[in-house]
Amino acid sequence: MKIKSILVSQPAPKESSPYLELAKKEKIKIDFRPFIHIEGVDAKDLRTQKIDLSQYTGVIFTSKNAIDNYFRLAQEMRFTVPDTMRYICQSEAIANFMQKHIVYRKRKISFGEKTFSDLTPLLKKHNTEKYLLPSSDVLNDDIPRTLDNASVDWTRAIMYRTVCSDLTDIDINEYDMLVFFSPQGIKSLKQNFPNYEQGDKKIAVFGPSTQAAAEEQGLRVDVMAPTKESPSMTMAIEKYVRSLNK
């Protein structure tokens, strides 16, 4: 079976993308559609979690969504974030995003390399703060483990939720391959298309947690990324498509 059409469960890229190059090179139709989206909780929801923003001297940000929703809720709750607040961000890109909400200069901002566990030296260095962790309702197991191992005082606040998008306008069976990046994407597939039968259609997944979620739902994983040979999803798909289309 040749691959002629692919549905990527993410928003369409705004500029040039490896997917667009792949589509052109291999003469494949590639469509984009986010299977999940973010919905922020309200101030009432945050209060039911017994979160008082004024009680924390530091905030740990793992994503741009966490930043947006923290400052949105601070405004909703009429909490003026003090200039003395310490911020620890998972990466430099996330730290730079804070300029949308605060004057970056003269703030106590630190950031790690890439993964959450890279923050361990920073957490140990600044271990006297009382930290708030704004997060979604879905949290990577590595995050609480890293925080506990660093022996810091921290509290999780669910400030936004990952919700399945409505995909019922899509003819899911017209695609030869579906591409997923999170367990929530797999959940959305099953919620929107409870009778979906994979058959000879191909499933591509990014990361072991997405693979596990797919297999739990009885799906066969045909393309896996990242691997040593294919560190990106587009590289993994291109390699697979070429082997199939020979």
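Everything that follows concerns the structure shown earlier in this document.
The structure presented is a predicted model; accordingly, all values stated were derived computationally and were not measured.

Definitions and cut-offs
Residues numbered from 1 in each chain as written. Predicted model: local features only at pLDDT ≥ 70, side-chain atom pairs only at ≥ 80, totals over all residues. Heavy atoms only, no water. Helix = DSSP H or I, 4+ residues; strand = E, 2+ residues; numbered from the N terminus. Buried < 20%, exposed > 50% of the residue type's maximum accessible area, 1.4 Å probe, protein only. Contact = heavy atoms within 4.5 Å. Expected span 1.5 Å × (residues − 1). Arc of directions from axis to C-beta. Polar contact = N/O pair within 3.5 Å; in protein donor to acceptor, adjacent residues only side chain to side chain. Pairing = 2+ DSSP bridges. Axes fitted to C-alpha atoms, helices over the stretch in contact; angles between N-to-C directions. Core = buried A, V, L, I, M, F, W, Y, C linked by side-chain atoms within 4.5 Å. Right-handed = clockwise from strand over helix to strand, strands pointing away. Phe/Tyr/Trp six-rings, centres within 6.5 Å; stacked < 30°, edge-to-face > 60°. Lys NZ or Arg CZ within 6 Å of the ring centre and 35° of its normal.

Colleague: Would you mind showing me how to read the side chain of Thr62 here?
Modeller: In this structure, Thr62 sits in the loop between β4 (58-61) and α3 (64-76). Given the relative accessible area of 19%, Thr62 is considered buried. Residue contacts for Thr62: discarding those within four places in its chain leaves Gln90, Ile94, Phe116, Leu133 and Ile143.

Colleague: Teacher, can you tell me more about helix α9 (residues 233-244) here?
Modeller: Along an α-helix, residues three or four apart share an orientation, since each turn contains 3.6 residues. Compared with an ideal rise of 1.5 Å per residue, which puts twelve residues at 16 Å, α9 spans 16 Å between its outermost C-alpha atoms and is within 8% of the ideal. Looking only at α9, the buried set comprises Met233, Thr234, Ala236, Ile237, Glu238, Tyr240 and Val241. Those residues of α9 hidden inside the fold are in contact with β1 (5-8), α1 (18-26), β9 (177-180), β10 (202-206) and β11 (223-225).

Colleague: What am I meant to see in α1 here?
Modeller: Looking at α1, one finds that the buried residues are Tyr19, Leu22, Ala23 and Glu26. On an axial view of α1, the arc spanned by its buried residues comes to 100°, and they lie on one face. What points out from α1, more than 90 degrees from its buried face, is the exposed set Glu21 and Lys24. Residues of α1 that are buried in the fold lie against β1, β2 (29-32) and α9. Of the residues flanking the start of α1, the one acting as N-cap is Ser17, its side-chain oxygen 3.0 Å from the backbone nitrogen of Tyr19. A positive backbone phi angle near 55° is found at Lys27, which sits one or two residues after α1.

Colleague: Explain the sheet that holds β10 to me, please; I cannot follow it from the model alone.
Modeller: Strand pairing in a sheet relies on backbone hydrogen bonds. The paired strands run either parallel or antiparallel. In space, the five strands of this open sheet follow the order β2-β1-β9-β10-β11, with parallel pairing throughout. Strand pairing shows two members of the sheet lacking a second neighbour, β2 and β11, which therefore form its edges. Looking at each pair of strands side by side, their axes are set apart by 15° on average, direction ignored. Sheet topology places β10 next to β11; three bridges connect them, and they run parallel.

Colleague: What am I meant to see in the nonpolar core here?
Modeller: Soluble globular proteins: nonpolar side chains tend toward being buried together. Counting residues in hydrophobic clusters, the biggest one holds 29 residues, and the most contacted among them are Leu53, Phe61, Tyr70, Tyr87 and Met159. If you list the elements that add at least two residues to this core, you get α2 (43-48), β4, α3, β5 (86-89), α4 (92-97) and β8 (153-164). Element by element, the count of residues in this core is highest for α3, at six residues. Excluding anything up to four places from it in sequence, Met159 contacts Gly40, Val41, Leu46, Leu53, Asn69, Tyr70, Arg72, Leu73, Leu132, Pro134 and Ser135. Counting 19 residues, the second largest nonpolar core, distinct from the first, contains Ile6, Val8, Ile28 and Ala236.

Colleague: Is there a simple way to think about the pairing of β2 in this case?
Modeller: Regular strands place their side chains on alternate faces of the sheet. Residues Ile30 and Phe32 point to one face of β2 and are all buried, whereas Lys29 and Asp31, pointing to the other face, are not buried. Bridge analysis of β1 against β2 gives four bridges, and the strand direction is parallel. Residue pairing across strands places Leu7 opposite Asp31, the latter belonging to β2. Following the backbone out of β1, through α1 and into the adjacent parallel β2, one traces a crossover that is right-handed.

Colleague: Please explain the packing of aromatic side chains as it appears in this structure.
Modeller: Aromatic rings in a pair are described by how distant their centres are and how their planes are angled relative to each other. Across all of its chains, the model carries eight aromatic pairs by this definition. Ring geometry for Phe61 and Tyr70: centres 5.7 Å apart, planes at 70°, overall edge-to-face. You'll find Phe61 and Tyr70 in the same group, each marked buried. Three or more aromatic residues link up through ring pairs in this structure, and these residues are Phe61, Tyr70, Phe71 and Tyr87. Taking the ring centre of Tyr56 as reference, the NZ or CZ of Lys130 above it sits at 5.5 Å.

Colleague: Teacher, can you tell me more about the pairing of strand β7 (residues 130-136) here?
Modeller: Among the seven residues that make up β7, six are buried, leaving the element largely enclosed by the rest of the structure. Here β4 pairs with β7 via two bridges, running parallel. Residue pairing for β7: Val59 is matched across the bridge by Leu132. Bridging between β7 and β8 involves seven bridges; their strand directions are parallel. Each residue of the ladder has a partner; that of Leu132, found in β8, is Thr155.

Colleague: Just to check I follow, could you spell out the environment of Thr155 for this structure?
Modeller: Mapped onto the elements of the fold, Thr155 is located in strand β8. Taking C-alpha positions, Thr155 is 9.7 Å from Pro144, a pair spaced eleven residues apart along the chain.

Colleague: What should I look at first to understand the sheet that holds β8 in this one?
Modeller: Strand order in the open sheet formed by six strands is β3-β8-β7-β4-β5-β6, with mixed pairing between adjacent strands. Looking along the sheet, the strands with just one partner apiece sit at the ends: β3 (36-40) and β6 (108-111). If you compare each strand with its neighbour and ignore which way they point, the axes differ by 25° on average. Against the sheet, α3 contacts β3, β4, β5, β7 and β8, and its axis sits at roughly 105° relative to β8. Against the sheet, helix α6 (residues 142-149) contacts β4, β7 and β8, and its axis sits at roughly 175° relative to β8.

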